[in-house]
Amino acid sequence: MERPTPELLLQRLASLCPLPGVAARLQTRLAPMLSAASMFVSPRTYARFVVSMLVLPAPAEAFALLVFPVVQAGLIVVALGVLQAMPFVVLVSRANSRRRAADAELPFFLMTLSVFVHEANPTLQEGFKRVTAIGSRVFPAFAKEGEILARDDAFVPESPMGVAEKAFAGHPSPRVRAFVQGFLKTLATGKDVSEFVRQEASFQIQKLEQSWSAFSVSVGSLAEVTFILLALFPVGLEMVGATISGFTSSYLFLASFALLAVAAVVFLVLTDAIQPVVYDRPPSGIWLAVSLAGWAASTAAFEAGFLGAREYILVPLCISVLGFYETRKHYSTIRRGEEEVSAMLHDLAEESKAGVSLPEALSKLSAGAESFTSIKEPVLTFYQSTRLGLTPTEAQRRVTHPSWLVRLGFGILSIAFETGAGFEHLEELSTLFRRVADARKSVTQSMIPFMLIGAIVPVISVAAITFLAGFAQQSAPVGLPIFAVQSSQASLILSVSTVSVLSGVLLSKMLTQTVRHEIALPILMASTLVSLVAFGVV
């Protein structure tokens, strides 16, 4: 029996196309979308697949509208509508992912090219061939672009410049298209390619810095909205529990948890969508999983009466402190690596200024590798691999480090060794790496005030609910309704604890660009415990 695959399913649905004429007209519009999404599927087949996905579920939607009640029919139609939209959603999503990845790697590709053009005016194919040789560990997106260009170069009967122009004509990134057009024009006019590449690299680094600055501003605004929403969730639901008859504490907690979880997922998706792409290797997800599992287990034990209120908060607090300690080491390694790789390139440039060859400069650098706390192993690995007879390109493949900038540094350094680039290139690279590292560091620093704001979110929730609860025993002021608060003390503790956990996860994402660094979770849990004790809840 033939194993079903996405390609096989697509072909079978395409064969069921009920309106081939409509598919033929749709084919011309889908062709550029397929190219932008780098999906190598026949436009004719995909057009038939799209029409099948749009038409075949239509009878089921009509049947649901005629037979089922309005609410049920609406849910069925919405579910089938999502399924019908998936062919377009996939294309748009893949094109957007390709654009973001290419924009993130373009400045570093230009750095590589600025070293490579030291020896000659290369074609675009030669530049991508070098990047592909470095590997997808350093250039995940551009290595794929290089493979696509190499395939077109082998099978399209045109000149290299014509092939390159057509290959990138439909690229979803305007920056990449502009660079390719400028590069090809520079080659065609016989101008200095190295000067064009250096200017373009500097310009793209500025764009990258602007992207991180814009991300810092955007995520700051997003953080403000997030904290306001999370702080008001328990208060709002407490008010609902007071005004709706039969809305008990169990319903209150379940509704609170569901709404908070949905809100957290939405904000995580939004943050990830506006965040510049970075390929740092994240820490193991086991610590985040253990922290969340510890909180869930404590919640169940607290509801069952096995844990008191203080123990309920203390258990996940202790687990999150351990998770923070473990992930903090990984985070520090990345940050130190970004600083030290820039210093390494600067030291090699200084040695080259004194007339020392790059291999000799690397030998001196490896002798003093103890001064590098984060990239000591990569330096020794690269040096020893070249001493064993491996090419610099092969040697950099053996370098492992969680920081993408470190892997980039050694990847570009391998090109410098092979081309014999002078010290001026390494000095430029050192400066550019420092600017990128500083731009990323500034994002984290700009989030520190929001860490303080996030720490008082549990305090705001507890204070507001305690304040409203007081109206159950006294007459309310004019214009303020009387809230006969029905929720129990346990419901209040559970709701605020949920707010703290989700706020900690969101803050960790904003500070470190990944939820796996539990930098904020212990602070939020500690704030919860302090606020509950301060207001006499526990």
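Procedures and definitions
Residues numbered from 1 in each chain as written. Predicted model: local features only at pLDDT ≥ 70, side-chain atom pairs only at ≥ 80, totals over all residues. Heavy atoms only, no water. Helix = DSSP H or I, 4+ residues; strand = E, 2+ residues; numbered from the N terminus. Buried < 20%, exposed > 50% of the residue type's maximum accessible area, 1.4 Å probe, protein only. Axes fitted to C-alpha atoms, helices over the stretch in contact; angles between N-to-C directions. Parallel < 35°, antiparallel > 145°, perpendicular 65-115°, else oblique. Contact = heavy atoms within 4.5 Å. Nonpolar A, V, L, I, M, F, W, Y, C, P; charged D, E, K, R; others polar. Salt bridge = Lys/Arg side-chain N within 4 Å of Asp/Glu carboxyl O. Left-handed = near helix turned anticlockwise from the far one by under 90°. Core = buried A, V, L, I, M, F, W, Y, C linked by side-chain atoms within 4.5 Å. Arc of directions from axis to C-beta. Expected span 1.5 Å × (residues − 1). Phe/Tyr/Trp six-rings, centres within 6.5 Å; stacked < 30°, edge-to-face > 60°. Lys NZ or Arg CZ within 6 Å of the ring centre and 35° of its normal. pLDDT = per-residue confidence, 0-100.

Asks: Help me understand the overall build of the chain in this model?
Replies: Scanning the chain for helices and strands turns up 22 helices and 0 strands. A buried classification covers 48% of the 538 residues belonging to the chain.

Asks: Is there a simple way to think about the packing of helix α5 (residues 70-116) against helix α7 (residues 140-155) in this case?
Replies: The relative placement of two packed helices comes down to the angle between their axes together with the axis-to-axis distance. Packing of α5 against α7 leaves a shortest axis separation of 8 Å and a crossing angle of 95°. Judged on the interaxial angle alone, α7 and α5 are roughly perpendicular. When α5 is examined against α7, the residues R98, A101, A102, E105, L106 and F109 are found in contact with a partner set consisting of P140, A141, F142, E145 and I148. Per-class residue counts for the contact of α5 with α7 are 8 nonpolar, no polar and 3 charged.

Asks: Can you walk me through the pattern of salt bridges in this structure?
Replies: Pairs can form between side chains of opposite charge whenever their charged atoms are close. Under the definition given, this model contains 14 salt bridges. D272 serves as the salt-bridge partner of K509, at 3.2 Å between the closest nitrogen and oxygen. One end of the pair, K509, is in helix α21 (residues 489-512); the other, D272, is in helix α11 (residues 249-274), and 237 residues separate them in sequence. When the shortest N-O distance is used, the salt bridge between K364 and E351 registers 3.7 Å. Of the two residues, K364 sits in helix α14 (residues 358-367) while E351 sits in helix α13 (residues 309-353), which places them 13 residues apart along the sequence.

Asks: Would you mind showing me how to read the packing of α5 against helix α6 (residues 124-134) here?
Replies: Where α5 meets α6, the axes come as close as 10 Å, and the angle between the chain directions of the two elements is 115°. Between α5 and α6, the crossing angle belongs to the class labelled roughly perpendicular. Viewed along their axes, α5 and α6 form a crossing whose handedness is right-handed. On α6, the residues that touch F109, T112, L113 and F116 of α5 are E126, G127, F128, R130, V131 and I134. Residues belonging to the contact of α5 with α6 are distributed by class as follows: 6 nonpolar, 2 polar and 2 charged.

Asks: It is not clear to me how the nonpolar core should be interpreted in this structure. Could you clarify?
Replies: Note on soluble globular proteins: their nonpolar side chains tend to be buried together. F179 and M344 are the most contacted members of the largest nonpolar core, which has 94 residues in total. Sequence-distant contacts of M344, defined by excluding residues within four places in its chain, comprise L365, F372, I375, V379, F410 and L413.

Asks: Honestly, helix α19 (residues 448-455) in this entry has me stumped. Any pointers?
Replies: The periodicity of an α-helix, 3.6 residues per turn, causes residues three or four positions apart to be oriented the same way. All buried positions along α19 are accounted for by F450, M451, G454 and A455. Summarising the axial view, the buried residues of α19 lie within an arc of 145°, below the 170-degree limit, and thus occupy one face.

Asks: Looking at this model, I keep getting lost on the environment of V278. Mind explaining?
Replies: Within the secondary structure, V278 is located in the loop between α11 and α12 (286-304). For V278 and A101, which are 177 residues apart along the polypeptide, the C-alpha to C-alpha distance reads 8.4 Å. Discounting residues that sit within four places of it in the chain, V278 has contacts with W404 and R440.

Asks: Can you help me understand α7 in this one?
Replies: Between the first and last C-alpha of α7 there are 23 Å, a value that for 16 residues agrees with the 22 Å anticipated at 1.5 Å per step. Within the sequence span of α7, burial applies to A141, F142, A143, E145, G146, I148, L149 and D152. On its buried face, α7 sits against α5, α6, α8 (160-167) and α9 (174-189).

Asks: Which parts of the structure should I look at to understand the packing of aromatic side chains?
Replies: To describe a pair of aromatic rings, one takes the distance between the centres and the angle between the planes. In this structure the tally under the stated criterion is 17 aromatic pairs. Ring centres 6.3 Å apart and planes at 75° place the aromatic pair F108 and F433 in the edge-to-face group. Of this pair, F108 sits in helix α5 while F433 is found in helix α18 (residues 423-446), placing the two residues 325 residues apart along the sequence. Residue classification places F433 among the buried positions, given a relative accessible area of 0%. Taken together, the aromatic side chains of F109, F128, F142, F168, F179, F183 and F196 make up a single cluster linked through ring pairs. Sitting over the ring of F40, R151 keeps its end group 4.3 Å from the ring centre.

Asks: Explain the confidence of the model for the chain to me, please; I cannot follow it from the model alone.
Replies: Do not read the fine detail of predicted coordinates wherever pLDDT is low. Averaged over every residue, the pLDDT of the chain is 82; the share at 70 or more is 87%. Within the model, the stretch residues 475-487 combines pLDDT values under 50 with 27 contacts to residues more than four positions away or in other chains.

Asks: I'm lost on the environment of F179 in this one. Help?
Replies: Relative to the helices and strands, F179 is located in helix α9. What makes F179 buried here is its relative accessible area of 1%. For F179 and A201, which are 22 residues apart along the polypeptide, the C-alpha to C-alpha distance reads 9.9 Å. Once residues within four sequence positions are removed from consideration, F179 is found in contact with L106, F109, L110, L113, L124, F196 and E200.

Asks: Explain unusual backbone geometry to me, please; I cannot follow it from the model alone.
Replies: Negative phi is the rule for most residues except glycine; trans is the rule for most peptide bonds. Here S38, not a glycine, exhibits a phi torsion of approximately 50°, which is positive. In this structure, S38 sits in the loop between α2 (20-36) and α3 (43-55).

Asks: I tried to follow the environment of A301 on my own but got confused; where do I start?
Replies: In this structure, A301 sits in helix α12. On the accessibility criterion, A301 (18% relative accessible area) is buried. Along the backbone, A301 and Y312 are 11 residues apart, and their C-alpha atoms lie at a distance of 7.9 Å. Non-local contacts of A301, meaning those with residues more than four positions away in its chain, are made with F306 and L307.

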